[in-house]
Amino acid sequence: MLAICQGLFTCAISIDLTLTALTGYQLAPDKSLATLPFALITVAGAVVTWFAAFLIQRLGRRLSFALGALAGAVGGAISVWSVFHGHFWSFCIGTAGVGVFQAFAQYYRLAAADAVAPELKSKAISTVLTGGVIAAVLGPALAAWSKDLFPTALFSGAYLMVALLSLLSMIVLLAFYRDVENTDAAADIVASAPQAPPRSTGEIARQPVFIAALANNVVGSMVMMFIMTAAPLAAVACRHSINDGANIIQWHLVGMYAPSFFAGHLIKRFGLGTIVLCGVMLNLACAVIAMASTSLPAFYVALLCLGVGWNFMFVGGTTLLAQSYRPNERARAQGLSEFLRYAATALATLAAGPLLEHYGWQALNIAILPLLAICAILSMRWMAASAAKTIAA
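Predicted model, so just to flag it, every value in this text is computed and none were measured.

1. Side note on the overall build of the chain
The number of helices and strands found in the chain is 18 helices and zero strands. Rg of the C-alpha trace for the chain: 20 Å, near the compact-globule value of 21 Å for 393 residues, within the 12% margin. Oriented by its inertia axes, the alpha-carbon framework of the chain measures out at about 65 × 50 × 35 Å. Burial statistics for the chain: of 393 residues in total, 58% are counted as buried. Intrachain contacts of the chain at a sequence separation of at least 6 include 85% that bridge at least 24 residues. Counting only carbon and sulfur atoms, one obtains 70% of the accessible surface of the chain, whose full area is about 15400 Å².

2. Here's the deal with the packing of aromatic side chains
Enumeration over the complete set of coordinates arrives at ten aromatic pairs. Three or more aromatic residues link up through ring pairs in this structure, and these residues are Phe65, Tyr108 and Tyr177. The ring centre of Tyr342 lies 4.9 Å from the NZ or CZ of Arg341, which sits over that ring.

3. As for the nonpolar core
Within the largest apolar cluster, 123 residues are counted, with the highest numbers of intra-cluster contacts made by Phe65, Tyr108 and Trp361. Ranked by residues supplied to this core, first place goes to helix α11 (residues 208-237) with 20 residues.

4. A few points about helix α1 (residues 2-27)
Helix length check: α1, at 26 residues, gives a terminal C-alpha distance of 35 Å against a target of 38 Å (1.5 Å per residue), a fit within 8%. The largest bend along α1 measures about 45° and falls at Leu19. The element α1 is extensively covered by neighbouring structure, given that 22 of its 26 residues are classed as buried.

5. As for the environment of Ala213
Examined against the element boundaries, Ala213 turns out to sit in helix α11. For the pair Ala213 and Leu320, spaced 107 residues apart in sequence, the C-alpha separation works out to 5.1 Å. Beyond its immediate chain neighbours, meaning those up to four positions away, Ala213 contacts Gly317, Leu320 and Leu321.

6. What about the side chain of Arg199?
Mapped onto the elements, Arg199 comes out in the loop between α9 (183-192) and α10 (201-205). Overall, Arg199 belongs to the buried group, its relative accessible area being 15%. Apart from the residues lying within four places of it in its own chain, the contact partners of Arg199 are Ile204, Gln207, Ser324, Tyr325, Arg326, Glu329 and Arg332.

7. Digging into the packing of α11 against helix α15 (residues 296-322)
Their axes nearest at 8 Å, the elements α11 and α15 cross at an angle of 155°. Comparing their axes, α15 and α11 come out roughly antiparallel. Considering the relative orientation of α11 and α15, their crossing is left-handed. Partitioned by chemical class, the residues of the contact of α11 with α15 number 20 nonpolar, six polar and no charged.

8. Quick word on the packing of helix α7 (residues 131-146) against helix α12 (residues 242-257)
For the pair α7 and α12, interaxial distance at closest approach is 8 Å and the crossing angle is 175°. By the angle class used here, α7 and α12 are roughly antiparallel. Only Ala246, Gln250, Leu253, Val254 and Tyr257 of α12 make contact with α7, whose side of the interface consists of Gly132, Val133, Ala136, Val137, Pro140 and Ala141. Counted by class, the contact of α7 with α12 contains nine nonpolar, two polar and no charged residues.

9. Quick look at the environment of Phe299
Structurally, the position occupied by Phe299 is in helix α15. Remark: the alpha-carbon pair of Phe299 and Ala153, spanning 146 residues in sequence, is separated by 29 Å.

10. Considerations on unusual backbone geometry
Non-glycine residue Phe155 carries a positive phi angle of around 80°. You can see Phe155 is positioned in the loop between α7 and α8 (156-176). Positive phi is not limited to glycine here, since Arg239 has a value of about 70°. Within the secondary structure, Arg239 sits in the loop between α11 and α12.

11. Here we look at the confidence of the model for the chain
Across the chain, the average pLDDT comes to 88, with 96% of residues at 70 or higher. A low-confidence stretch, residues 185-194 stays under pLDDT 50, and its non-local contacts, those more than four residues away or across chains, total six contacts.

12. Observations concerning the pattern of salt bridges
Considering all chains together, one arrives at seven salt bridges under this definition. With a shortest N-O distance of 3.7 Å, Arg61 and Asp114 are connected by a salt bridge. Taken together, the residues span a long stretch of sequence, with Arg61 in helix α3 (residues 61-85) and Asp114 in helix α5 (residues 108-114) at a distance of 53 residues. Looking at Arg61, the relative accessible area reads 8%, which means it is buried. With relative accessibility at 7%, the residue Asp114 sits in the buried group. Residues Glu338 and Arg109 are paired through a salt bridge, measuring 3.0 Å at the closest nitrogen-oxygen approach. Here Arg109 lies in helix α5 and Glu338 lies in helix α16 (residues 330-359), a separation of 229 residues in the sequence. For the pair Glu338 and Arg109, one class covers both residues: buried.

13. What about a nonpolar patch on the surface?
A cluster of nonpolar side chains, namely Leu59, Leu63, Leu67, Leu70, Val74 and Leu174, defines an oily patch on the protein surface of about 450 Å² accessible area. Ranked by the residues each element gives to the nonpolar patch, the list is headed by α3, at four residues.

14. What about the state of the cysteines?
Tallying each qualifying case throughout the model produces zero disulfides. Between Cys286, a cysteine without a disulfide, and Cys305, which holds the nearest cysteine sulfur, the sulfur-to-sulfur distance is 6.9 Å.

Rules behind the numbers
- Residues numbered from 1 in each chain as written.
- Predicted model: local features only at pLDDT ≥ 70, side-chain atom pairs only at ≥ 80, totals over all residues.
- Heavy atoms only, no water.
- Helix = DSSP H or I, 4+ residues; strand = E, 2+ residues; numbered from the N terminus.
- Rg over C-alpha atoms; globule rule 2.2 N^0.38 Å.
- Buried < 20%, exposed > 50% of the residue type's maximum accessible area, 1.4 Å probe, protein only.
- Contact = heavy atoms within 4.5 Å.
- Areas by Shrake-Rupley, 256 points an atom, 1.4 Å probe, with all protein chains shown as cover.
- Phe/Tyr/Trp six-rings, centres within 6.5 Å; stacked < 30°, edge-to-face > 60°.
- Lys NZ or Arg CZ within 6 Å of the ring centre and 35° of its normal.
- Core = buried A, V, L, I, M, F, W, Y, C linked by side-chain atoms within 4.5 Å.
- Expected span 1.5 Å × (residues − 1).
- Bend = angle between axes of the 7 residues up to and from the residue.
- Axes fitted to C-alpha atoms, helices over the stretch in contact; angles between N-to-C directions.
- Parallel < 35°, antiparallel > 145°, perpendicular 65-115°, else oblique.
- Left-handed = near helix turned anticlockwise from the far one by under 90°.
- Nonpolar A, V, L, I, M, F, W, Y, C, P; charged D, E, K, R; others polar.
- pLDDT = per-residue confidence, 0-100.
- Salt bridge = Lys/Arg side-chain N within 4 Å of Asp/Glu carboxyl O.
- Patch = residues over 30% accessible without salt bridge, like charges linked within 9 Å, V, L, I, M, F, W, Y side chains within 5 Å.
- Disulfide = S-S within 2.5 Å.

Rendered as structure tokens:
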């Protein structure tokens, strides 16, 4: 059920990812604001995600996830109205509603990780993310088909699809999903630390495993959104068509989710550290290719590398995060990690449009290099600490 819901969410969000920068450019009174509606998806997610963790703890996952999907449906409907009437600021409100949906949907993978034993966490996370594979292909294709559904309001039909997919997700959650913990896995965790009181947030955050999780989740998502936000606009600026921009994002989304079929197996075979470092290297490859050429094949290959690199870093980072807390620390650890990830990603998406406008596509790719270096260093620090702990044991 979580994989199905992940697929519906990914299909909805991929429509926004494909068209919102272009719609924002069409509606914005100042073209430097073109990526603001896109950025507000992430900004709204950052604001909501901390509270979502505690709401999930209080109301349960089923009802909380359904409320998030309802917010997506309302946001999609507002976006349709805004495009019909040419209202930029109300369009921003609509995309923020989709951001609320995204904030709750990001807990799908963590719900799966918390329901299984430690050795199965990577596989559970990957399984949920596989729900996005078909949606990664279907979403941009649906965006391309539905953008002309209403000839008098270009792109409005696509946002109607966002509303309908969000509504369908809410129905699936309420009708079929059951918020059930894996009691055997929970019992194993509790048995390993009987009567252990919850640690302070600072103590949790200082662990090398939490820092490495944060580095991979934050940097992976920040770099991915920074480049992906600007890519369709950069492609159009390089004299490629709007359909080319949509196809580039479609290829990127396949890269984001297709590795989920085997990421868990790769982690089991080669180790968590190796896979997250491979993710960093693939992001580096994206930057090098994007700086080397602005041809259409270069855009495709760069965005594919970006997607696969994000997947390796995200699955690896989520696995590390799930290993960093006890059951009675879950809401605080997850909430802190997701809030910081969203806040950093929001800054990246807000900056992407103005930086592209003033400095160009190559400068954006140069800017991600220091972030990738920091992530690699922190990941290797965790690997060294883990190895030392294993030797000591």
